[in-house]
Each structure stands twice: as C-alpha cells, then as structure tokens.
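For reference, the chains in residue letters:
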Amino acid sequence: NSMKTKKILTLMLSLALTFVFLIPSSVYADTDTAVPYASQLISSYKISVNALGNGKMEIAASVDAKRKIEKLGFESIEVQELNNSSWKTVKTYKDSLLNNMIDKNCSSMDVTLKYSGTSGKTYRAIGNIIAKDGSIEETRSITSYSEKV
C-alpha cells in the first residue's frame, strides 16, 4: 500500500515539475518575441550619413517618442569606414556637453555631427538609442545606409 502511495506521489511530483517548467517558458517566449517589434516609448527614428565633399560628412540622427518622456536620445553614435569589405569603427561620439545627444523631458531628439574621413571611402553610422520613462527603459541600435564621401 505504501508503495502505491509513493508511486502516486512521485507521479504527482513529476507532473507538478512539468507544469513548473512549462509555464515560465511560454511566458518568456511571448515577451521575448514582442519586445523587439513593439515599442512602448519609441515611435520613429532615422539616421543618415551625408557627404559634404573632400571626405567630410554630416551624420544626422533623430528619434521620436510616443509622448513626452524623461530621457530620450542617443547613448552613442559610431562612424564606421568600409575597409576591404568589412566595417571598422573609426569614431564613437558619446553624449557630452559638446555633443548633446540625450535630452530630458522631451518627445523628440535630433543630433547632427560632422566627421572628416578620407575622400573616396565609404562610411555608415550606427546610432544607439536610449528611451526611458519611469520604470520603462528601451534601447535600440539603428544603422544608416552607406555613403561614399
């Protein structure tokens, strides 16, 4: 009799464990797939490299939020140069007093940077967006089209 009870307990325990493992994985799967596509804070963004001649270029980046939020902008913007079919970061701009790239209590942020590269080379820019409001924080990386300068 005690063997039968033991068997039932073991079965119940293994079933309970199965449920424990099943539930969180489906919950996580849902949030993981939803996060990259649906944003709670960010509504739109763009980044571009515009050739100004003689190897000089202007990087224009902007991000819009769905409403006024605590913190919005770019944590960093990287300038990459194409060398032998691979991209190499040649300059990283961070938010600073000189390069104001993050704003507070706003719904949009525009950043314009100038960079002097090598004439005839191809460049692109990567912007790392930060958006924060209360306990919600979102980050996103965006890449421009490549541009020959």
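The structure this text deals with has already been given above.
Since the model is a prediction, treat every value here as computed from it, not as a measurement.

Thresholds, definitions, all that
Residues numbered from 1 in each chain as written. Predicted model: local features only at pLDDT ≥ 70, side-chain atom pairs only at ≥ 80, totals over all residues. Heavy atoms only, no water. Core = buried A, V, L, I, M, F, W, Y, C linked by side-chain atoms within 4.5 Å. Buried < 20%, exposed > 50% of the residue type's maximum accessible area, 1.4 Å probe, protein only. Helix = DSSP H or I, 4+ residues; strand = E, 2+ residues; numbered from the N terminus. Contact = heavy atoms within 4.5 Å. Phe/Tyr/Trp six-rings, centres within 6.5 Å; stacked < 30°, edge-to-face > 60°. Lys NZ or Arg CZ within 6 Å of the ring centre and 35° of its normal. Lys, Arg positive; Asp, Glu negative; His and termini not counted. Salt bridge = Lys/Arg side-chain N within 4 Å of Asp/Glu carboxyl O. Polar contact = N/O pair within 3.5 Å; in protein donor to acceptor, adjacent residues only side chain to side chain.

Some remarks on the nonpolar core
Alright, step 1. Membership of the largest hydrophobic core comes to 27 residues, with the highest contact counts inside it found for M57, I59, L72, F74 and I77.
Alright, step 2. Listed by contribution, the elements that provide at least two residues to this core are β1 (42-53), β2 (56-83), β4 (102-116) and β5 (122-133).
Alright, step 3. The element contributing the most residues to this core is β2, with 10 residues.
Alright, step 4. The residues contacting M57, other than those within four sequence positions of it, are V49, N50, A51, L52, V79, L113, K114, Y115, G117, Y123 and V149.

Quick notes on the packing of aromatic side chains
Alright, step 1. For the structure on display, the rule yields one aromatic pair.
Alright, step 2. When the centroid spacing of 6.2 Å and the interplanar angle of 65° are considered together, the rings of Y115 and Y123 count as edge-to-face.
Alright, step 3. What makes Y115 buried here is its relative accessible area of 16%.
Alright, step 4. Residue classification places Y123 among the buried residues on the basis of a relative accessible area of 0%.
Alright, step 5. Here the guanidinium or amino end of K91 rests over the ring plane of Y93, the centre of that ring lying 5.0 Å away.

Focus on the side chain of R140
Alright, step 1. Relative to the helices and strands, R140 resides in strand β6 (residues 136-143).
Alright, step 2. Of the side chains with opposite charge, E138 lies nearest to the buried R140, which makes no salt bridge, at 5.1 Å.
Alright, step 3. A polar contact of 3.1 Å, which involves the side chain of R140, links it to the side chain of Y45.

Quick word on the pattern of salt bridges
Alright, step 1. Counted under the stated rule, the structure contains two salt bridges.
Alright, step 2. Ionic pairing is found between K114 and E58, a salt bridge with its closest N-O pair at 3.3 Å. Linking K114 in strand β4 with E58 in strand β2, this pair joins segments that are 56 residues apart in sequence.
Alright, step 3. Close ionic contact of D133 with R67 constitutes a salt bridge, the shortest N to O distance being 3.1 Å. Within this pair, whereas D133 is found in strand β5, its partner R67 is found in strand β2, the two being separated by 66 residues in sequence.
Alright, step 4. When its relative accessible area of 18% is taken as the criterion, D133 is described as buried.
Alright, step 5. Its relative accessible area of 40% is what places R67 among the partly exposed residues.

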